[in-house]
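Structure at a glance
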Amino acid sequence: MTHTHTLEHKMISTNGVNLHVVQAGDPNGELVILLHGFPEFWYGWRQQIDYLAAAGYWVWAPDQRGYNLSEKPRGIEKYKISTLAADVAGLIDAAGREQAYVVGHDWGAAVAWMTAIRHAERVKKLAILNVPHPKIMLETVRSSPAQMLKSWYIGFFQLPVLPELFSSAGEFYFSAQALLQTSKPGTFSDADITEYIRAWKQPGALSSMINWYRAMGRRLDDGAFLNNARVTVPTIIIWGAQDRFLQREMAQESTTLCDDARVIYFEDATHWVQHEKPNEVNALLSEFFS
């Protein structure tokens, strides 16, 4: 059963930047915000947008700041996580709402966690895909050599210029391979990769995308927020157990910092769980929201 809802492309002002937001569904329905990760853009949610719109929600899938068609402010400090979370709170304002269901994958999940920590009153429920609570992530990277190795690329991205040259070399060959090699065969089609390359080629996008990592590496947000980083809103953590970047134990550990959370593992899915298990992820989200 396929519903094809019209996708509306809007520029929305939030927190001092203009973000390109794809909207679908009923403007009177409850608001769902879908936050993509690296190196994706709104398109990473294409298999969720339609389903949630058909279920009666008003779905907003932004290109987060620095990505694709959204504004790309200059300077690493413009990409610190508290700023990214404030962007989300601003989107909820722009929608004329008090609250939204917030869903995040990869870096988008880090932003979703932070939004729930810093702007709890704006988040009705929190759905996280394949990223641990930021405090658990920090502690694990510091204490686990295995996780440190899995996160090697975070260190690489701290370097100036080189990551951009490497990522864009050979018509973005390595960036495309990063998606293809870490997902199940067939997850990303040639047509999908063409869309990603188009997004990566937007002027200034690649540096802005990598600046998210640089801002984290420079700890521009002092870690003080992590001292009081309890998540009070109902939370679901959906985790592809074959994740090449993140240890599965961190999912369960994240629940210790939440008042009300559960983890669902997909043993045969990778980091790209919403691409590989779209029907299952869609059903979980819909059940969790209702």
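Up top is the structure.
The shown structure was predicted, so the numbers you read here are calculated from the model rather than taken from an experiment.

Tracing the chain through its elements places Ser-175 in helix 7 (residues 162–181). Residue Ser-175 is classed as buried on the basis of its relative accessible area, which comes to 11%. From its side chain, Ser-175 meets the backbone oxygen of Ser-167 in a polar contact 2.7 Å long. If sequence neighbours within four positions are ignored, Ser-175 has contacts with Ser-167 and Trp-200.

Quick look at a nonpolar patch on the surface now. Taken together, Leu-159, Val-161, Leu-162 and Leu-165 make up a surface patch of nonpolar side chains, about 360 Å² in accessible area. With respect to the secondary-structure elements, Leu-165 resides in helix 7. Leu-165 gets classed as exposed once you look at its relative accessible area, which sits at 53%.

The next subject is the pattern of salt bridges. This structure, assessed with the given rule, holds 12 salt bridges. Of the charged contacts in the structure, one is a salt bridge between Glu-77 and Lys-78, with a shortest N-O distance of 3.4 Å. Judged by relative accessible area, which is 42%, Glu-77 ranks as partly exposed. Judged by relative accessible area, which is 34%, Lys-78 ranks as partly exposed. With a shortest N-O distance of 3.0 Å, Lys-277 and Asp-268 are connected by a salt bridge. Judged by its relative accessible area of 15%, Lys-277 falls in the buried class.

What counts and what doesn't
- Residues numbered from 1 in each chain as written.
- Predicted model: local features only at pLDDT ≥ 70, side-chain atom pairs only at ≥ 80, totals over all residues.
- Heavy atoms only, no water.
- Helix = DSSP H or I, 4+ residues; strand = E, 2+ residues; numbered from the N terminus.
- Buried < 20%, exposed > 50% of the residue type's maximum accessible area, 1.4 Å probe, protein only.
- Polar contact = N/O pair within 3.5 Å; in protein donor to acceptor, adjacent residues only side chain to side chain.
- Contact = heavy atoms within 4.5 Å.
- Patch = residues over 30% accessible without salt bridge, like charges linked within 9 Å, V, L, I, M, F, W, Y side chains within 5 Å.
- Areas by Shrake-Rupley, 256 points an atom, 1.4 Å probe, with all protein chains shown as cover.
- Salt bridge = Lys/Arg side-chain N within 4 Å of Asp/Glu carboxyl O.

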